[in-house]
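Observations on the model geometry
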Amino acid sequence: MEELQAARARIDRIDAELARLFAERMAAAAEIGAWKRAHGRPVRDPAREAELLARNTARIEDPRLRPYFGRLLETLLVESRRWQGEAQADLAPVLRRGALAEAGAVLPRQGRIFLVTDDGIPAPYVGALAGQCRSCVVYSLPQGEASKSPEQLTELLRAMLAAGLTRSDCVAALGGGVVCDLAGLAAGLYMRGIDCCYFPTSLLAMVDAALGGKTAIDLDGVKNAVGLFRQPRAVVIDPDTLATLPPRQLANGLAEAVKMALTHDAALFARFEDPAGYGDPEELIAACLKIKSAVVAADEREAGLRRVLNFGHTLGHGIEAAAEGRLLHGECVALGMLPMCAPPLRERLRAVLERLGLPTYVNFHEIDPERVMAAVVHDKKAGPEGCIESVFVPEPGRFEFQRLTAAELRARLMLLAQN
Ligand code: GLY
């Protein structure tokens, strides 16, 4: 009995020491992750991992224990990488009026900046950012969702290659969601990945697209069919750039902010219901950042919780595909949210969306419901047995996941028909 207690006490002491060493090791891993990001180096280094595994396993004298220790080390390496990724996901965006004029602080000091923007971004913003880079190449895309194409991606990658970008260079995405999605994907693919910083200028990108590391292009009419999860090196949000955003684009972003409010924050939704207006845009962005950061920190790869951010997107993406460019993404999300709310809330939401200048009905003579549904079932959220994962909001600040058949979703879609 005494021997047992003594052995247990020894194990307790060893475990306590292991816990201390583990925390120390993870702190070092986070430092290495930060260094790699700053120098455009990939998180994974398989050759070093194999060498580290062999060298440290050989330190175990008893050969019978070596495979056990090897497996423990392997787990440790996997968890270290995960931790490095989560530490990256935690990187808080900079949100400050006038931040664009000081954006040079987040760009790498070494290497060149490949600045990707679009032809709708005011020249002073491009000049403000380019002026802070030691060496900068500016590449401008045609504005609009059509740029999220394989052809445009290839053209962008060719331009990066022609500019002679190397792993120590960095992409800077200045623009809305399309620019961030495309430039982020190109940065993730080029030479197996170089750094990327986002400077969102649209409200939609500030509250959603630029955060959380999703990058993508559309393929064969399916939105975001090809992409990567890849955290940017930094996100810098300057709400002053909203001053030049056309009202329709502002409303486009407000739809995503309403989405965050409805699913996570009843008080924020109440601000949208206030006839006096929703208040300061910087506060609104900050509230959305808080929600999105918490969701992404909990589920970066959309294995579960992050699917809540697709609220309104299942039908929304279908409407967007069928509208063939006549409706903006946020307008389609606004429409897509309505049938996915409990009926009393639906009417409150309709009033909010109308006040924000967002559509609340679909003219099914112009937008073919069959085309909407074809796009919905092809959408990446279609699950096994033809069921489609959707998000339902019974009351502001609460959500539920629902698995709906195509027929059930079609019935919800038709709730958008104008009487
Ligand atoms: N826009 C949805 C997400 O970032 O998950």
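Scroll up for the structure.
Heads up: these notes are all about the structure in this document. Note that the structure is predicted; figures quoted are calculated from it, not measured.

What follows covers helix 13 (residues 343-356). Taking 1.5 Å of rise per residue, the 14 residues of helix 13 would be expected to cover 20 Å, and the 20 Å separating its terminal C-alpha atoms lies within 8% of that figure. Buried residues along helix 13 sit in contact with helix 8 (247-264), helix 9 (266-273) and helix 12 (329-337). Phi for G357, located one or two positions after helix 13, is positive at around 85°.

Each aromatic ring pair is summarised here by two numbers: the centre-to-centre distance and the angle between the ring planes. If you walk through the whole model with that rule in mind, you get three aromatic pairs. Plain terms: the ring middles of F399 and F401 are 5.7 Å apart, the flat faces sit at 70° to each other, and that makes the pair edge-to-face. Since its relative accessible area comes to 33%, F401 is described here as partly exposed. A cation over a ring is seen here: R71 above Y68, with NZ or CZ 5.1 Å from the ring centre. Of note, R307 hangs over the ring of F401, and the distance from its end group to the ring centre comes to 5.1 Å.

Grouped together as the largest cluster of nonpolar side chains are 86 residues, with contacts concentrated most on L262, F272 and I319. The element contributing the most residues to this core is helix 8, with eight residues. Look past the residues within four positions of L262 in its chain and what remains in contact with it is F269, F311, M337, C341, L345, L349, V393, E395, P396, G397 and R398.

The next subject is the side chain of E302. Summarising the element assignment, E302 is placed in the loop between helix 10 (281-298) and helix 11 (313-323). Overall, E302 belongs to the buried group, its relative accessible area being 17%. A polar side-chain atom of E302 sits 2.4 Å from a polar atom in the side chain of K214. Those residues in contact with E302 that lie beyond four places of it in its chain are K214, F229, R307 and N310.

With that settled, consider the site of the ligand. The full set of residues close to the ligand is D208, K214, K292, R306 and L309. Within the contact set of the ligand, a nitrogen atom lies 3.0 Å away from a side-chain nitrogen or oxygen of D208. When the free accessible area of the ligand is taken as 200 Å², the share hidden by the protein chains comes to 88%. Looking at the shell around the ligand residue by residue, the class counts come to one nonpolar, no polar and four charged.

Parameters and conventions
Residues numbered from 1 in each chain as written. Predicted model: local features only at pLDDT ≥ 70, side-chain atom pairs only at ≥ 80, totals over all residues. Heavy atoms only, no water. Helix = DSSP H or I, 4+ residues; strand = E, 2+ residues; numbered from the N terminus. Expected span 1.5 Å × (residues − 1). Contact = heavy atoms within 4.5 Å. Phe/Tyr/Trp six-rings, centres within 6.5 Å; stacked < 30°, edge-to-face > 60°. Buried < 20%, exposed > 50% of the residue type's maximum accessible area, 1.4 Å probe, protein only. Lys NZ or Arg CZ within 6 Å of the ring centre and 35° of its normal. Core = buried A, V, L, I, M, F, W, Y, C linked by side-chain atoms within 4.5 Å. Polar contact = N/O pair within 3.5 Å; in protein donor to acceptor, adjacent residues only side chain to side chain. Near = heavy atom within 4 Å. Areas by Shrake-Rupley, 256 points an atom, 1.4 Å probe, with all protein chains shown as cover. Nonpolar A, V, L, I, M, F, W, Y, C, P; charged D, E, K, R; others polar.

Purely geometric stuff here, so don't read any function into it on its own.
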